[in-house]
Amino acid sequence: MNDVDPASAVRLWHESAPGAVVLDGFHALKHALRFGADVRLALTSDKESVLALAAELADDLTGTLRRSVVEVPADALRQLVPKVHPTRVMALAVRRGRADNLAELAAAPRRSPVVVLDNPRNLGNVGAVVRLAAGFGATGVVTTGDLDPWHPNAVRAGAGLHFATAVEPLALDAFPPGPLYALDPEGDDIRSVTVPDDALLAFGSERHGLSPELRERADALLALPMRPQVSSYNLATSVAMTLFHWGGPN
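Now for a quick tour of the structure. (Residues numbered from 1 in each chain as written. Predicted model: local features only at pLDDT ≥ 70, side-chain atom pairs only at ≥ 80, totals over all residues. Heavy atoms only, no water.)

## Some points on the sheet that holds strand β3 (residues 69-71)
Spatially, β1-β4-β2-β3 is the arrangement adopted by the 4 strands of the open sheet, whose pairing is mixed. Since the sheet does not close on itself, it has two edges, and those belong to β1 (21-24) and β3, each with one partner. Looking at each pair of strands side by side, their axes are set apart by 25 degrees on average, direction ignored. Relative to strand β4 (residues 89-93), strand β2 (residues 39-44) is paired through 5 bridges, and the arrangement is antiparallel. The residue of β4 that forms the bridge with L41 is L92. On top of the sheet, helix α1 (residues 6-16) reaches β2, β3 and β4; it is set at about 130 degrees to β2, its chief contact. Lying on the sheet, helix α3 (residues 47-57) is in contact with β2, β3 and β4; it crosses β3 at an angle near 150 degrees. (Pairing = 2+ DSSP bridges. Helix = DSSP H or I, 4+ residues; strand = E, 2+ residues; numbered from the N terminus. Axes fitted to C-alpha atoms, helices over the stretch in contact; angles between N-to-C directions. Contact = heavy atoms within 4.5 Å.)

Shown next as structure tokens:
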């Protein structure tokens, strides 16, 4: 992309943006590249700053970013996104293929759990969970309901780590195989249970909890330890505690 002039780069952005995944900021671009994303276009209004960040935080990508990132005027960058990220870099990538994600989710034997978000309503929470799942090495993140887990706001909150794990919306009857453990205050203390590697770990929505359909299908209900009179944990915190329990010594 180094030979693309700024005007052509802006035109290419407009042509490529429909259907593409927007990577907002240096860290999203960094993680996407590290995990094999097909990044079609990367723009910045300050390439030297981007390369300085790379030298400090991701020197393995310095050469790639030097060759691929195109510098455009700051006012042109502001016209392409609602709000320019403080790192002044953004990119477009091809979404991970659904068929590949489904195959990864269904592959056996599965060596790490799948996180299930039951009808989530907050895109930032979805992204935070994807980031956690990628960090813990979970097989993937599945969502039910009408929210797109690849929405730009979710990808931003996930820091580009959607490309490090299988993220897909699925109906309840299309879940990958494995025992379904649903987190619920009325469940058994999670500390008394060994969570198997092929488990599906389901978490209810931020406001309404588990849907009756998922709760009924669950093989077991598990509860996180919580002090009396504390209402609940943040969704990402609940996922982190559960994955830590799975990955810790048993």
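## Topic: the packing of helix α2 (residues 26-34) against α3
At their nearest, the axes of α2 and α3 sit 11 Å apart, and the two run at 60 degrees to each other. Taken together, the axes of α2 and α3 lie oblique to each other. Here α2 runs over α3; the crossing is right-handed. Residues F26, H27, K30 and R34 of α2 touch α3, and the partners they reach there are V50, L53, A54 and L57. (Parallel < 35°, antiparallel > 145°, perpendicular 65-115°, else oblique. Left-handed = near helix turned anticlockwise from the far one by under 90°.)

## A look at the pairing of strand β7 (residues 166-169)
With 4 bridges joining them, strand β6 (residues 140-143) and β7 adopt parallel strand pairing. Looking at the pairing, G140 lines up with A166 of β7. In this region the chain leaves β6, passes through helix α8 (residues 152-157) and returns to the parallel neighbour β7; the handedness of that crossover is right-handed. (Right-handed = clockwise from strand over helix to strand, strands pointing away.)

Read these as spatial facts, not as claims about activity.
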